[in-house]
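Now for the letters of each chain:
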Amino acid sequence: MKKLINERQLPSLLSREEMLGILQREEYGFMPPSPDCISFSKAPLRNENVFAGKGLLWEITVALKINGKDFSFPVSLMIPEGEGPFPFFVNINFEKNIPNYYFPAEEILDNGFAAFNLYFKDVTADNDDFSDGLAGVIFPEGRKNNTDCGKIAMWAWAAQRCLDYAETEPRLDMKRAAVCGHSRLGKTALVAAATDERFYYAHSNDSGCSGASIARDNTGETVSDICRVFPYWFCENYKKYTDNEYSMPFDQHFLLASIAPRFVTVGSADEDAWADPTGEQLSCFAASPAFEKDGQSGFICDRKAVTGDTFFEGNIGYFLRKGRHFFSREDWNKMFEFIRSKN
Ligand code: GTR
């Protein structure tokens with residue numbers, strides 16, 4: 001693995017502040033500003049307790065002012081029956097209703113967690129329409145600067161607003177706030193945690209290119225592929241690195257390193273070549289020194305992963321499961337296992 005890392009000539013890690021500055025300026029764009037004011041309303045999503053009485057389900061409406069303009073979006077929140085405070089996830093999701101494909105509600109409750117389900121398109125559309133939702137509010141005349149943020153930063157920002165709500169809910173344990181997502185939303189979960197230290201743990205599921213995976217010599221999706229098909233996820237500056245990854249003053253290990261000294265897991269799937277499992281594991285290695293401070297450990301692993309491997313000893317966890325690109329129940333169980341191992 002050392003040899004693979006050396007071949008890629010990765011830029012050295014910098015301070016968290018410097019790395020976040022570079023990632024925002026060159027890749028994701030600068031995060032939207034904090035809201036001027038924010039309020040919440042809460043309505044039950046079902047009349048009775050859900051899932052055999054194991055949990056409660058609400059829809060929270062987050063209403064805020066940003067740049068003097070009103071913006072609001074809904075998010076679902078499921079909390080186990082009982083007083084808490086419960087550890088919780090903000091799951092940035094492709095689906096809205098609960099339970100859904102990427103949100104195994106009963107397993108989450110049975111494992112003692114609460115969870116927000118943030119449907120990404122409730123924040124802004126997943127396309128180049130910058131007049132939609134939050135994009136239209138922060139860029140009333142469209143994007144103008146090369147560092148104006150793309151959609152990933154906007155979804156990540158909305159995940160952080162869920163924490164603003166969580167701070168008002170005594171049944172949620174702010175010391176145990178996790179964020180997770182799959183694929184493009186795995187990239188989003190990493191950005192959310194990197195830029196907001198209130199998240200103590202992030203999980204990237206098959207996030208691949210521009211997420212957990214090192215871009216230099218990526219064997220799956222490349223910066224050129226992603227900038228051609230999904231340019232609106234990023235700021236304009238990112239296009240400079242099309243077919244030019246070795247000129248980047250950063251690589252994706254900066255993103256994981258910006259989560260230090262907190263916790264992060266990277267989940268890969270062995271049939272998901274597009275997300276480059278090896279590139280995902282490499283960034284865990286390369287980010288490790290940022291975590292190896294103050295008696296913490298980084299990525300504890302001595303070899304390239306084979307299917308079924310789990311490396312959960314340090315603050316950075318990695319696993320390679322069998323199968324395809326998907327946020328499966330097995331991935332959720334891995335998150336529960338990692339969190340439990342750190343308590
Ligand atoms: C793919 C994209 C990936 C990944 C995925 C997804 O088409 O190339 O970067 O994010 O979409 O989000 O499902």
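Everything numeric in this text was worked out from a predicted model, so none of it was measured.

Grouped together as the largest cluster of nonpolar side chains are 97 residues, with contacts concentrated most on Phe88, Val90, Phe116, Leu118, Val179, Phe199 and Tyr238. At 12 residues, helix α5 (residues 151-166) tops the list of elements feeding residues into this core. Among residues more than four places away in sequence, those in contact with Phe116 are Val75, Ser76, Leu77, Phe88, Phe89, Val90, Asn91, Phe103, Cys162, Tyr165, Ala166 and Leu172. Ranked by size, the runner-up nonpolar core spans 26 residues in total, among them Ile108, Phe113, Ala115 and Ile339.

A word on the environment of Ser72. Within the secondary structure, Ser72 sits in strand β3 (residues 69-80). Here Ser72 falls in the partly exposed class, since its relative accessible area comes to 43%. C-alpha of Ser72 to C-alpha of Ser39: the two residues are 33 residues apart in sequence and 9.4 Å apart in space. Excluding residues that lie within four positions of it along the chain, Ser72 makes contacts with Thr61, Val62 and Ala63.

The subject of this paragraph is helix α6 (residues 184-194). Of all 11 residues making up α6, 10 are buried, and the element is well covered by its neighbours. Considered for burial, the residues of α6 that qualify are Leu185, Gly186, Lys187, Thr188, Ala189, Leu190, Val191, Ala192, Ala193 and Ala194.

Time to look at the pairing of strand β10 (residues 316-321). When you tally the buried positions in β10, you get 6 out of 6 residues, the bulk of the element. The alternating pattern of β10 places Ile316, Tyr318 and Leu320 on one face and Gly317, Phe319 and Arg321 on the opposite face, and all of these are buried. Direction of pairing for strand β8 (residues 263-269) relative to β10: parallel, over a ladder of 6 bridges. The partner of Thr265 across the bridge, within β10, is Gly317. Counting the residues in the hairpin turn of strand β9 (residues 310-311) and β10 gives 4 residues.

The next subject is the environment of Thr278. Of note, Thr278 is situated in helix α9 (residues 277-291). Separated by 217 residues in sequence, Thr278 and Thr61 have C-alpha atoms that sit 40 Å apart. Excluding residues within four positions of it along the chain, Thr278 makes contact with Leu4 and Lys304.

Another point: the side chain of Asp331. By the secondary structure assignment, Asp331 is in helix α10 (residues 329-342). Excluding anything up to four places from it in sequence, Asp331 contacts Asn205, Phe319, Arg321 and Phe326.

Turning to the site of the ligand, a few remarks are in order. In the neighbourhood of the ligand, the contacting residues comprise Phe94, Ser183, Arg184, Lys187, Glu221, Ile226, Phe230, Trp233, Trp274 and His325. Taking Arg184, its side chain carries an N or O atom lying 2.5 Å from an oxygen atom of the ligand. Burial of the ligand by the protein amounts to 80% of the accessible area it has alone, namely 310 Å². Of the residues contributing to the shell around the ligand, the split by class is 5 nonpolar, 2 polar and 3 charged.

Right, let's talk about the pattern of salt bridges for a bit. Under the counting rule described, the total for this entry stands at 26 salt bridges. Between Glu106 and Lys54 there is a salt bridge whose closest N-O contact spans 2.9 Å. You can see Glu106 sitting in helix α3 (residues 105-110) and its partner Lys54 sitting in the loop between β1 (37-44) and β2 (55-66), a full 52 residues away along the chain. The exposure class of Lys54 is partly exposed, given its relative accessible area of 29%. In this structure, the salt-bridge partner of Lys54 is Asp110, at a minimum N-O distance of 3.1 Å. Within this pair, whereas Lys54 is found in the loop between β1 and β2, its partner Asp110 is found in helix α3, the two being separated by 56 residues in sequence. Taken together, the salt bridges that share partners define one network made up of Arg161, Asp164, Glu167, Asp196 and Arg198.

Remark: α5 packs on α6, axes separated minimally by 8 Å, with the N-to-C direction vectors making an angle of 60°. The orientation of α5 with respect to α6, classified from their angle, is oblique. Crossing geometry of α5 relative to α6 is assigned as right-handed. Seen from α5, the contacting residues are Ile152, Trp155, Ala156, Ala159 and Gln160; seen from α6, they are Leu185, Lys187, Thr188, Val191 and Ala192. A per-class count over the contact of α5 with α6 returns 7 nonpolar, 2 polar and 1 charged.

Here is what the cut-offs are and how they apply
- Residues numbered from 1 in each chain as written.
- Predicted model: local features only at pLDDT ≥ 70, side-chain atom pairs only at ≥ 80, totals over all residues.
- Heavy atoms only, no water.
- Core = buried A, V, L, I, M, F, W, Y, C linked by side-chain atoms within 4.5 Å.
- Buried < 20%, exposed > 50% of the residue type's maximum accessible area, 1.4 Å probe, protein only.
- Helix = DSSP H or I, 4+ residues; strand = E, 2+ residues; numbered from the N terminus.
- Contact = heavy atoms within 4.5 Å.
- Pairing = 2+ DSSP bridges.
- Near = heavy atom within 4 Å.
- Polar contact = N/O pair within 3.5 Å; in protein donor to acceptor, adjacent residues only side chain to side chain.
- Areas by Shrake-Rupley, 256 points an atom, 1.4 Å probe, with all protein chains shown as cover.
- Nonpolar A, V, L, I, M, F, W, Y, C, P; charged D, E, K, R; others polar.
- Salt bridge = Lys/Arg side-chain N within 4 Å of Asp/Glu carboxyl O.
- Axes fitted to C-alpha atoms, helices over the stretch in contact; angles between N-to-C directions.
- Parallel < 35°, antiparallel > 145°, perpendicular 65-115°, else oblique.
- Left-handed = near helix turned anticlockwise from the far one by under 90°.

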